[in-house]
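Residues per chain, in single letters:
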Amino acid sequence: MPSSLPWLTALFIATLALGTDEFVIAGVLNLVAADLNTTPGAAGQLVTVFAASFAIGAPVLAVWLNRFGHKKALLAGLLIFAAANLGCAAATTLATLLALRVLAGLSAAAVSTAAFSAAAKGAPDGKQGKYLSIVTAGLTVALFTGVPLGTWFGAVFSWRTTFILIGAVSLM
């Protein structure tokens, strides 16, 4: 397992960033709405477009990206995911933020499917379940660390800081 630790840790961190991005928006929604001079209900569409993009994109992208290999799909997906989140931090309109959340959802779908596939294929015989659980743990840890920390950073500094941090973590 020592030789697998760096790449498995990277997959864990990637899914931590994805999970944080997916759920933290609910914690900063009122801040986003106030800053963009819109209603919380309209800003709530940021949750919907990310989730819908992820749900629709995951099976399609999994099949399409399979031809490029896991490493390329993961790298490209994480770079796009980071760029989308950094773009979210700079967005000045709800329409721009919605478009970037679609891009973030699609890239998260690509990264997620590639990460799970890479973990399963890269695991030694008989260890696939353990490796998949480590990658899945990134999503779980996001719920009790990434989301509260992201919400706190949003409240203390700015909701934009939350997206900068997600972008930075995904580049790790």
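The following paragraphs examine the structure supplied in this document. Remember, predicted model here, so these are calculated numbers, not experimental data.

Further remarks concern the overall build of the chain. Broken down by element type, the chain carries 7 helices and 0 strands. Reading the chain from its N end, one meets helices and strands in the order α-α-α-α-α-α-α. In terms of overall dimensions, the chain is globule-like: its C-alpha atoms have a radius of gyration of 16 Å, near the 16 Å expected for 172 residues. For the C-alpha atoms alone, the extent of the chain along its principal axes is close to 55 × 30 × 20 Å. Across the 172 residues of the chain, 41% fall into the buried class. For the chain, the proportion of contacts with a sequence separation of at least 24, taken over those separated by at least 6, is 78%. On the chain, roughly 8,200 Å² of surface is accessible, and the fraction owed to carbon and sulfur atoms is 73%.

Let's shift gears to the packing of aromatic side chains. Throughout the structure, instances matching the rule amount to 6 aromatic pairs. Taken together, the aromatic side chains of Trp152, Phe153 and Phe157 make up a single cluster linked through ring pairs.

A separate point is the environment of asparagine 66. Along the chain, asparagine 66 falls in the loop between α3 (45-65) and α4 (70-90). Classification of asparagine 66 by relative accessible area gives partly exposed; the value is 48%. C-alpha separation for the pair asparagine 66 and alanine 110, spaced 44 residues apart in sequence, amounts to 9.9 Å. When residues no more than four places from it in sequence are discounted, the contact partners of asparagine 66 are Leu61 and Lys121.

Here the focus is the layout of surface pockets. In this structure, the largest pocket encloses a volume near 390 Å³. Lining the largest pocket are 17 residues, with Ala10, Leu11, Leu74, Leu75 and Leu78 sitting closest to its centre. Broken down by element, the lining of the largest pocket gets its largest block of residues, 6 residues, from α4. A per-class count over the lining of the largest pocket returns 13 nonpolar, 3 polar and 1 charged. In this structure, the second largest pocket is lined by Leu16, Ala17, Thr20, Thr145, Gly146, Leu149, Gly150, Phe153, Thr162, Leu165, Ile166 and Val169. Secondary-structure elements contributing two or more residues to the lining of the second largest pocket are α1 (5-35), α6 (128-156) and α7 (159-171).

Bringing unusual backbone geometry into the picture now. The phi angle at asparagine 37 is positive, at roughly 55°, despite the residue not being glycine. If you trace the backbone, asparagine 37 turns up in the loop between α1 and α2 (40-43).

The next point concerns the environment of glutamine 45. Within the secondary structure layout, glutamine 45 lies in helix α3. Note on glutamine 45: relative accessible area 39%, which makes it partly exposed. For the pair glutamine 45 and glycine 19, spaced 26 residues apart in sequence, the C-alpha separation works out to 18 Å.

Cut-offs used in this document
Residues numbered from 1 in each chain as written. Predicted model: local features only at pLDDT ≥ 70, side-chain atom pairs only at ≥ 80, totals over all residues. Heavy atoms only, no water. Helix = DSSP H or I, 4+ residues; strand = E, 2+ residues; numbered from the N terminus. Rg over C-alpha atoms; globule rule 2.2 N^0.38 Å. Buried < 20%, exposed > 50% of the residue type's maximum accessible area, 1.4 Å probe, protein only. Contact = heavy atoms within 4.5 Å. Areas by Shrake-Rupley, 256 points an atom, 1.4 Å probe, with all protein chains shown as cover. Phe/Tyr/Trp six-rings, centres within 6.5 Å; stacked < 30°, edge-to-face > 60°. 1 Å grid on protein atoms, 1.4 Å probe; cavity = no way out; pocket = protein on both sides within 12 Å on 5 of 7 lines; lining within 4 Å. Points joined across faces, edges and corners; volume = space filled by probe spheres on them. Nonpolar A, V, L, I, M, F, W, Y, C, P; charged D, E, K, R; others polar.

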